[in-house]
Amino acid sequence: MEPIKPVEATDATDATDSTDSMSEEAARLYRAKVWGGAERTMWHTSVDGTVGHRLRELADWAELAGHGDRPLDTYGNGAVEEVERRVAEELGLPAAVFFPTGTMAQQIALRCWAGRTGSPVVALHPLAHPEVHEGGALGAVSGLRTIHLTDAPRLPTAQEVRDHPEPFGTLMLELPLRDAGFVLPSWDELTEVVEAARERDAVVHFDGARLWECTTAFGRGLPEIAGLADSVYVSFYKSLGGLSGAALAGPEDVMEEARVWRHRYGGLLFQQYPTALSALRGLDVELPRLPSYVRHARVVADAVREELAEAGTGWFRIHPETPHTHQFQVWLPYDPEALTAAALAQTEATGTALFRRWFTPGAGGPPGVAFTELTVTEPGLEWTAADVRAAVRDFLSRIEG
């Protein structure tokens, strides 16, 4: 890789000072500007760039892909129908329904299954997205009740499914389990868990927001993975670089009911062509690349580990040790603000963005440590192991305190 010219000389203290005096929103925008303007990065986030850049990029792709002269969609036809067809095809499932958000898609899926099973009880992990990031919506909006089969930072085992004393109508599995470190079970473990749910006459729903990148770890194609479940939700912006949007896939009759509930929940929008086109772009452009991202994430993780060990940082953790997807966690024994400041300082001084924001672990996490999530996408493929190690060394040199 070519050396990067410094953007602006600074250090961790300067970066801390520049953000300490800001409001939370101003600090967020400052971080986005610094990292979004990096000349060398491991990945691009959904907020990198500008409105004009993103719109031009999408319009250029739409013209090249033959979508530029298509009529505009209204209430779910046109490009939206094309997305639904493509998702059903990619997952090997009978039908799919486009949604503006994954939160809505999953609530409706679980509501539909509750009506069919006669049980409003959903078994899911306490770190699953509805439990952590949706403000209790399953209960408050859809009248569902959740139970937890395990609180270990992994998906439940087949035996835990069998042994739980309370009946449940639906087992929801998040693949991968993001807040536990983007972790997946083995293929055999997954099939055994699904079978255990079937033994209890429960249906199985996959929270597959990031299902697209699970094929490498499982050694199976998307239709075989999705075929284990009764329904599957997928996201278009978490892995495929879309503007937003999601889809729910499963049996024809369940999807028809999902369309009714989508209207009732306010999800049948008048026009969605920018979102739908960005989803189609993700399916065409990003989906075929994901296996290469996953493979290179393992190279990056090894290089980070080797440099941290050689640098004598003391306790640290790469989790999972071998990434299951193209995303993984890095843990270090420092204050998260100091690490975030060092990451900002590195980008300002060198134009390189390796790590971004660092966080304190949630309840039950070890004290005195912080973690960040590292993602590998197309720009990260250019990084050699030596590049990664050099960037880690430079980052460590900027940590204050």
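Relevant structure appears above.
Residues numbered from 1 in each chain as written. Predicted model: local features only at pLDDT ≥ 70, side-chain atom pairs only at ≥ 80, totals over all residues. Heavy atoms only, no water.

Draft legend 1. The arrangement of the overall build of the protein chain in detail. Each helix and strand counted, the protein chain has 16 helices and 12 strands in total. On C-alpha atoms alone, the protein chain measures out to a radius of gyration of 22 Å, which is about the 21 Å that the 2.2 N^0.38 rule sets for 401 residues. With the principal axes as the frame, the protein chain shows a C-alpha extent of 60 × 55 × 40 Å. Classification of the 401 residues of the protein chain by burial places 53% in the buried group. Residue pairs at least 24 apart in sequence account for 75% of intrachain contacts in the protein chain once pairs closer than 6 positions are excluded. For the protein chain, the exposed surface amounts to about 17,100 Å²; the carbon and sulfur share of it is 52%. Positive and negative side-chain charges of the protein chain, numbering 35 and 58 respectively, have mean locations separated by a distance of 2 Å. (Helix = DSSP H or I, 4+ residues; strand = E, 2+ residues; numbered from the N terminus. Rg over C-alpha atoms; globule rule 2.2 N^0.38 Å. Buried < 20%, exposed > 50% of the residue type's maximum accessible area, 1.4 Å probe, protein only. Contact = heavy atoms within 4.5 Å. Areas by Shrake-Rupley, 256 points an atom, 1.4 Å probe, with all protein chains shown as cover. Lys, Arg positive; Asp, Glu negative; His and termini not counted. Charge placed at Lys NZ, Arg CZ, Asp CG, Glu CD.)

Draft legend 2. The sheet that holds strand S3 (residues 121–123), seen in detail. Spatially, S2-S8-S7-S6-S5-S3-S4 is the arrangement adopted by the 7 strands of the open sheet, whose pairing is mixed. For this open sheet the edge positions go to strand S2 (95–99) and strand S4 (145–147), each flanked by a neighbour on one side alone. Direction aside, neighbouring strands of the sheet carry axes that sit 25° apart on average. In the sheet, S3 pairs with S4 via 3 bridges, with the strands oriented parallel. Directly across from Ala-123, in S4, lies its bridge partner Ile-147. (Pairing = 2+ DSSP bridges. Axes fitted to C-alpha atoms, helices over the stretch in contact; angles between N-to-C directions.)

Draft legend 3. Quick peek at the sheet that holds strand S10 (residues 327–332). Ordered in space as S9-S10-S12, the 3 strands form an open sheet in which the pairing is antiparallel. Every interior strand has two partners, whereas the edge strands, strand S9 (317–319) and strand S12 (370–375), have only one. Sheet twist, expressed as the mean angle between neighbouring strand axes with direction ignored, is 25°. Bridge count for S9 against S10 is 3 bridges, and the pairing is antiparallel. Counterpart to Arg-317 in the pairing with S10 is Trp-331. Running over the sheet, helix H14 (residues 290–311) touches S9, S10 and S12 and is turned about 10° from S10.

Draft legend 4. View of the packing of helix H15 (residues 336–350) against helix H16 (residues 385–397). Remark: H15 packs on H16, axes separated minimally by 8 Å, with the N-to-C direction vectors making an angle of 115°. The crossing of H15 and H16 is right-handed. Contacts between H15 and H16 involve Leu-339, Ala-342, Ala-343, Gln-346 and Thr-350 on the former and, on the latter, Ala-391, Asp-394 and Phe-395. Here the contact of H15 with H16 is composed, by residue class, of 5 nonpolar, 2 polar and 1 charged. (Left-handed = near helix turned anticlockwise from the far one by under 90°. Nonpolar A, V, L, I, M, F, W, Y, C, P; charged D, E, K, R; others polar.)

Draft legend 5. Seen up close, the packing of aromatic side chains. Counted by the stated rule, this structure contains 9 aromatic pairs. On the numbers, 6.0 Å between centres and 80° between planes, the contact of Trp-261 with Tyr-265 is edge-to-face. Overall, the relative accessible area of 21% leaves Tyr-265 in the partly exposed class. On the numbers, 5.8 Å between centres and 10° between planes, the contact of Trp-358 with Phe-395 is stacked. (Phe/Tyr/Trp six-rings, centres within 6.5 Å; stacked < 30°, edge-to-face > 60°.)

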